[in-house]
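# Examining the three-dimensional arrangement
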Number of protein chains: 2
Amino acid sequence: MKNLQIHITVSEDLYLKNPESSVLGKKIVSKSIELIDQLGFEAFTFKKLGIAIGSPESSVYRYFDSKRSLLVYLYAWYWSWMEYRLVFGTINHTSAKEKLKSAITLLCSPIETDQTFEHIDEVILNRIIVAESIKVSHNKTVDEQNQKGLFNPFKQVIERVSAFISQINPDYPYPNMLVFAMVDGAIEQSHFASHFPKTTDEINSKTIIADFYTDLIFKAIQ
Amino acid sequence: MKNLQIHITVSEDLYLKNPESSVLGKKIVSKSIELIDQLGFEAFTFKKLGIAIGSPESSVYRYFDSKRSLLVYLYAWYWSWMEYRLVFGTINHTSAKEKLKSAITLLCSPIETDQTFEHIDEVILNRIIVAESIKVSHNKTVDEQNQKGLFNPFKQVIERVSAFISQINPDYPYPNMLVFAMVDGAIEQSHFASHFPKTTDEINSKTIIADFYTDLIFKAIQ
DNA sequence: CATTATTGATAGTAATACTATTATATTTGC
DNA sequence: GCAAATATAATAGTATTACTATCAATAATG
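Structural notes, computed from the coordinates. (Residues numbered from 1 in each chain as written. Chains lettered and ligands numbered in written order. Predicted model: local features only at pLDDT ≥ 70, side-chain atom pairs only at ≥ 80, totals over all residues. Heavy atoms only, no water.)

### Here we look at the overall build of chain A
Rules: By definition, any uninterrupted DSSP run of H or I lasting at least four residues is a helix, any uninterrupted run of E lasting at least two residues is a strand, and each is numbered from the N terminus. We compute the radius of gyration from the C-alpha atoms alone; for a globule the expected value is 2.2 Å times N to the 0.38, where N is the number of residues. The cut-offs for exposure are 20% and 50% of the maximum accessible area for each residue type, with area from a 1.4 Å probe on protein chains only; residues under the lower value are buried, those over the upper are exposed, and the others partly exposed.
Looking only at helices and strands, chain A features eleven helices and zero strands. Going residue by residue from the N terminus, the α and β elements of chain A occur as α-α-α-α-α-α-α-α-α-α-α. The C-alpha atoms of chain A give a radius of gyration of 18 Å, which matches the 17 Å a tight globule of 222 residues would have. Counting only residues that meet the buried cut, chain A has 58% of its 222 residues in that class.

Next comes the structure, spelled out in structure tokens:
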């Protein structure tokens, strides 16, 4: 995948100045990923970020008008990246069943680093999404941000997988709910598994979440 | 259910002074439910709460050491109440299948007011759980609070339903994951349905979430 | 009715989430 | 290569938040 000129585009409404347009911007993004992961979103501040990158917090504010906007940006980037992975990961299959199977694996397995995007560590970003992304959607500003299209990449992921299901069984009545349950559930299961081992099931393999949803979804739609 | 002497007990570690032990304490709880619902958790402050109940914020701090603790208290109360509903709602069935069916309905249907607990409006509390409870579990203090037993009522709900599944089909390999997916998913589906109608499916009935999970779970476990 | 516990009233503090201003680099167009 | 525009640094300042502290007033209890 190296040297492939692919670019994840994030809606212009989600930043004041495009962080991909400068060295400082990229430093802001990559260092904030590190810091949010270490400190948690609540304890993360632009002041701490400024110190970490050797710039005043006022410089950070030229890219994002709040720390929440930065999280929203990361969220949008992550789901755009997931959509790109989904498209690339299913394009070569001819049958809808194979596509669905790949999609489930892709969305439910532990993330590996993608060398294509240098300033973003996808493994850490995934941890942030698992731990913090819920704060993007569970907020009084959610409707406003929905209108700005923030959730489009997320919705598109759901729609794409949903379409595979409808191809396999056009009569299944809940394709969207089922895929939503999986996409959202995989993240929550992975969060809860790491904090409350007993909520989930014994076998502690890396594929258990994907196995669970593969079994569940194929049983549901036949 | 009136005049029944039932009491939801919340672990002593979750408050400084038991809010059920005084008029002020109950006012704090019932008014905070209203305010968090109206303002959202981020904009909710003890100062605003103090003004709303006509007491200084320092008085509120004698019951809870932070607004987060208050949310944690509400979370613990809610899941204890759900467990009580679950026990009462399944006790009269003889077959595990009937128990499971009732449990799903109970956990996935819109909440109705329970007159048993006067100072708590369960309908509004449910809205708070849907919108904000995720902030209880997605926080750097989660492991500490887990050790204090905060999540026990939630886990017990999962275990009880999981036990019904194992009775029906002892060979189903993911009973806990399946129930977790439902309990957590029902909340998230209801949140997303109210903000992003298109993520979920067309039929906008009050029973759709329960219908979806009933179909899903019974297909999964046979 | 004296002691104790509870609440009210008020003040204060450190940190947070920004905004504003001016100086200094750095880039860009010509 | 130099002026003009732009980006960043350095610093200061503000309103709000999330508490803590103190002491007086009131209510409950023995």
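### Regarding the protein's contact with DNA strand C
As a reminder, the rule being used: Nearness is judged by heavy atoms alone; a residue qualifies as near a molecule or strand once a single heavy atom is within 4 Å of it. In the analysis that follows, any N or O atom pair within 3.5 Å is treated as a polar contact, provided that within protein one partner can donate a hydrogen and the other can accept it, and provided that, for residues neighboring in sequence, both atoms belong to side chains. Note that Gly is not counted as nonpolar here; it falls among the polar residues with everything else outside the nonpolar set of Ala, Val, Leu, Ile, Met, Phe, Trp, Tyr, Cys and Pro and the charged set of Asp, Glu, Lys and Arg.
The environment of DNA strand C is made up of 16 residues, and the closest members are Glu57, Tyr61 and Ser66 of chain A together with Ser55 and Tyr63 of chain B. Among the atoms of DNA strand C close to the protein, meaning within 4 Å, 53% are from sugar or phosphate groups. The separation between a base nitrogen of DNA strand C and a polar side-chain atom of Glu57 of chain A is 2.9 Å. Within the side chain of Lys17 of chain B, an N or O atom sits 3.4 Å from a phosphate oxygen of DNA strand C. Every element with two or more residues in the surface near DNA strand C is listed here: helix H3 (57–60) of chain A together with helix H3 (57–60) of chain B. Split into classes, the residues belonging to the surface near DNA strand C amount to four nonpolar, seven polar and five charged.

### Observations concerning the relation of the copies chain B and chain A
Each of the two chain copies can be brought onto the other by rotation about an axis and movement along it. Where we set the bar: Here the copies are superposed with least squares, the fitted atoms being C-alpha atoms of residues at a pLDDT of at least 70 in both. Throughout, a residue-residue contact means that at least one pair of heavy atoms, one from each residue, lies within 4.5 Å.
Note on the copies: chain B fits chain A at an RMSD of 0.0 Å, the axial shift is 0.0 Å, and the rotation between them is 180°. The superposition of one copy onto the other is thereby described by a two-fold rotation axis. When you check the interface residues of chain B against chain A, 100% turn up at the interface there too, and the contact is symmetric in its surfaces.

### Digging into the pattern of salt bridges
Residues and elements named next belong to chain A. So the rule is basically this: Every case where a carboxyl oxygen of Asp or Glu lies within 4 Å of a side-chain nitrogen of Lys or Arg is listed as a salt bridge.
For the coordinates displayed, the defined rule picks out twelve salt bridges over all chains. The salt bridge involving Lys135 is made with Glu132; its shortest N-O contact spans 2.4 Å. Close ionic contact of Asp215 with Lys219 constitutes a salt bridge, the shortest N to O distance being 3.3 Å. One end of the pair is Asp215 and the other is Lys219, both in helix H11 (residues 208–221) and four residues apart, which spans about a single turn. By relative accessible area, which is 24% here, Asp215 ends up partly exposed. Relative accessible area serves as the criterion here: at 26%, Lys219 is assigned to the partly exposed category. One continuous salt-bridge network, built from bridges that share partners, spans Glu42, Glu132 and Lys135.

### A word on the protein's contact with DNA strand D
Taken together, 16 residues surround DNA strand D, and among them Ser55, Ser59 and Tyr63 of chain A together with Glu57 and Ser66 of chain B come closest. Sugar plus phosphate, as a fraction of atoms of DNA strand D within 4 Å of the protein: 56%. Here Ser59 of chain A contributes a side-chain N or O atom positioned 3.1 Å from a phosphate oxygen of DNA strand D. Among the elements of the structure, H3 of chain A together with H3 of chain B are those that each provide at least two residues to the surface near DNA strand D. Looking at side-chain class alone, the surface near DNA strand D contains four nonpolar, seven polar and five charged residues.

### Structural notes on the environment of Pro170 of chain B
Residues and elements named next belong to chain B. Here Pro170 lies in the loop between helix H9 (152–168) and helix H10 (175–195). The exposed category is assigned to Pro170, whose relative accessible area is 63%. Sequence separation between Pro170 and Ile221 is 51 residues, and the spatial gap between their C-alpha atoms is 9.2 Å.

### Description of the interface of chain B and chain A
Basically, it comes down to this: Summed over both partners, buried area is the accessible surface (1.4 Å probe) that two parts give up on being assembled.
If you look at the interface, chain B gives 49 residues, while chain A gives 49 residues. Summing both partners gives a buried area of about 4,400 Å² for chain B against chain A, and 64% of it is carried by carbon and sulfur. Remark: the boundary between chain B and chain A carries zero salt bridges. At the junction of chain B and chain A, the tally comes to 14 residue pairs in polar contact (both at pLDDT 80 or more). Those elements giving two or more residues to the side of chain B that touches chain A turn out to be helix H1 (23–39), helix H6 (122–132), helix H7 (134–137), helix H8 (142–147), H9, H10 and helix H11 (208–221) of chain B. With twelve residues, H10 of chain B is the largest single contributor of residues to the side of chain B that touches chain A. Considering only residue class, the side of chain B that touches chain A consists of 24 nonpolar, twelve polar and 13 charged.

### What about the packing of aromatic side chains?
So the rule is basically this: Between rings of Phe, Tyr and Trp, where Trp is taken as its six-membered ring, a pair exists when centres lie within 6.5 Å; planes separated by under 30 degrees are stacked, by over 60 edge-to-face, and by other angles tilted. Two thresholds decide whether a charge sits over a ring: the Lys NZ or Arg CZ must be within 6 Å of the ring centre and within 35 degrees of the ring normal.
One pass over the full model with this rule turns up 41 aromatic pairs over all chains. Relative to Phe117 of chain B, the ring of Tyr84 of chain B lies with its centre 5.9 Å away and its plane at 85°, an arrangement referred to as edge-to-face. Residue Tyr84 of chain B is located in helix H4 (residues 67–90), and its partner Phe117 of chain B is located in the loop between helix H5 (96–108) and H6; the two are separated by 33 residues in the primary sequence. The burial state of Tyr84 of chain B is the same as that of Phe117 of chain B; both residues are buried. The ring of Phe41 of chain A has Lys67 of chain A sitting right over it, with the charged end atom 4.8 Å from the ring centre.

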